[in-house]
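Here's the letter readout for the chains.
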Amino acid sequence: MPTSEPGPRPLGLPDDLTWPVRLARNGVGGGPTPAQASGPKWRRSSHGLYVPADVQVTTEQRIVEAAAALPTYGGVSGWAALRWLGGVWFEGLRRGGRERRPVTLAVADRSIRSQLRHGIATSEERMDPTELTAYRGLRVTTPLRSLFFEMRYAASDTEAVQAADMAAYSDLVSASELRAFIRVNAGWTGMERSRLAASEMEENAWSPTEVAMRGVWRKEAGLPRPLCNHPVFDRAGNHVGTPDLIDPGSGVVGEYSGAVHLSGAQRSRDVVREARFRAVGLETVEMLAGDLVDPFSFLARLRQAYARAERQAAFDRRWTLALPSWWIPTFTVEQRRRLTESQRQRLLRYRHRAS
């Protein structure tokens, strides 16, 4: 297993990221002298390690700086490992993006301690060598081990489900892989939460806010489990739209409208989209950003949508979820993993999220 301990820059590390260095003493070493390190041109990244002060502290740079503190055995884990492995929704933020979460280093012992001042936490939980991998120059725990940790230590059930769904979004972990992993791993902290998250996991959620909306729909309203981002067609096989959520039994559609949906152009598209759903007999309910904090109003609108849907005659149902023969399904991790690169660029461009 390649080492990430301070020294030469790791092979494979992206060029736009800076590897921390140790102090130069007696003319030995490529880092700053003690006097230089105490000046304005250098920043301490962890115990005994420094980077130039003008290095931008991006999510990826934070992960690199934490990884430089790893001992001989261990790897970056949790949200940071999932991000490094390609999980675009794992940003390491909490409290609505106002606070950074620490990068967790899985080290399996007490060889190093947490350095929360520098945004580094440690985990001493047991770890098999097969749960470590090298990727883009850093040692990280595997996707399954990383997600397992993230779910067990999530601040809430909703955050645990969000972690599972967003790992699936980036095709890092499938629901079957996660459930199989949990079955053979017992006796860990947070197992009840991880099992719940695995049971609620969906492989086709496109954002954490969609996951939160689904949770309100299921837990607060007590309604049937909706489908996530399933395309809707009219009776002629034309694509009407792909709603965030849809209850196939009632024909109720749920759409989340965050800040980006309030702009003029996007709002116009949303209005047209809702009209297309209504034209084929679907009832739409919209969740706003404020509803995540207090869902009372959304729950009232959701129940009203179900009431309207119940009053619709069967012949007014001019929509179907049956896929036309020309449609290539991308609902599951396995389906997306089978796509060629050109197919991914063409079929998944609508769900690509800039990191």
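Treat the numbers as computed from the prediction; the structure is a model and nothing was measured. (Residues numbered from 1 in each chain as written. Predicted model: local features only at pLDDT ≥ 70, side-chain atom pairs only at ≥ 80, totals over all residues. Heavy atoms only, no water.)

### Quick word on the confidence of the model for the protein
For step 1, the next point in the chain: Residues with a pLDDT of 70 or more make up 94% of the protein, whose mean pLDDT is 92.
For step 2, the next point in the chain: Note on residues 1-5: pLDDT under 50 across the span, and 19 contacts to partners over four residues away in sequence or across chains. (pLDDT = per-residue confidence, 0-100. Contact = heavy atoms within 4.5 Å.)

### Here we look at the layout of surface pockets
For step 1, the next point in the chain: Taken as a whole, the second largest pocket encloses approximately 330 Å³ of empty space.
For step 2, the next point in the chain: Taken together, 14 residues line the second largest pocket, and the ones lying closest to its centre are Thr-158, Ala-212, Val-216, Leu-292 and Val-293.
For step 3, the next point in the chain: Across the lining of the second largest pocket, the residue classes break down as 7 nonpolar, 4 polar and 3 charged. (1 Å grid on protein atoms, 1.4 Å probe; cavity = no way out; pocket = protein on both sides within 12 Å on 5 of 7 lines; lining within 4 Å. Points joined across faces, edges and corners; volume = space filled by probe spheres on them. Nonpolar A, V, L, I, M, F, W, Y, C, P; charged D, E, K, R; others polar.)

### Things to note about the pattern of salt bridges
For step 1, the next point in the chain: Inspection of the entire model under this criterion finds 20 salt bridges.
For step 2, the next point in the chain: Here Arg-337 and Glu-177 are joined by a salt bridge, their closest N and O atoms 2.8 Å apart. Taken together, the residues span a long stretch of sequence, with Arg-337 in helix α11 (residues 333-337) and Glu-177 in helix α6 (residues 175-183) at a distance of 160 residues.
For step 3, the next point in the chain: Classification of Arg-337 as partly exposed rests on a relative accessible area of 33%.
For step 4, the next point in the chain: We classify Glu-177 as partly exposed; its relative accessible area is 28%.
For step 5, the next point in the chain: Ionic pairing is found between Arg-225 and Glu-202, a salt bridge with its closest N-O pair at 2.7 Å. Separated by 23 residues along the polypeptide, Arg-225 in the loop between α8 (208-220) and β10 (227-228) and Glu-202 in the loop between α7 (191-200) and α8 bring together distant segments of the chain.
For step 6, the next point in the chain: Residues joined in a network through salt bridges with shared partners are Glu-274, Arg-278, Glu-283 and Arg-308. (Salt bridge = Lys/Arg side-chain N within 4 Å of Asp/Glu carboxyl O. Helix = DSSP H or I, 4+ residues; strand = E, 2+ residues; numbered from the N terminus. Buried < 20%, exposed > 50% of the residue type's maximum accessible area, 1.4 Å probe, protein only.)

### Some remarks on unusual backbone geometry
For step 1, the next point in the chain: The phi dihedral of Arg-136 is positive, around 50°, even though this residue is not glycine.
For step 2, the next point in the chain: Arg-136 gets classed as partly exposed once you look at its relative accessible area, which sits at 32%.
For step 3, the next point in the chain: One non-glycine residue with positive phi stands out, namely Asn-229, at about 50°.
For step 4, the next point in the chain: The class of Asn-229 is buried, set by a relative accessible area of 2%.

### Focus on the packing of aromatic side chains
For step 1, the next point in the chain: Applying the stated criterion across every chain, the model contains 8 aromatic pairs.
For step 2, the next point in the chain: Residues Trp-89 and Tyr-169 carry aromatic rings whose centres are separated by 6.2 Å and whose planes lie at 80° to one another, so their mutual orientation is edge-to-face. Placement of the pair is Trp-89 in the loop between α3 (78-84) and β4 (93-94) and Tyr-169 in helix α5 (residues 157-169), with a sequence separation of 80 residues.
For step 3, the next point in the chain: Using a relative accessible area of 5% as the deciding quantity, one classes Tyr-169 as buried.
For step 4, the next point in the chain: By way of ring pairs, the aromatic residues Phe-148, Phe-181 and Trp-188 are connected into one cluster. (Phe/Tyr/Trp six-rings, centres within 6.5 Å; stacked < 30°, edge-to-face > 60°.)

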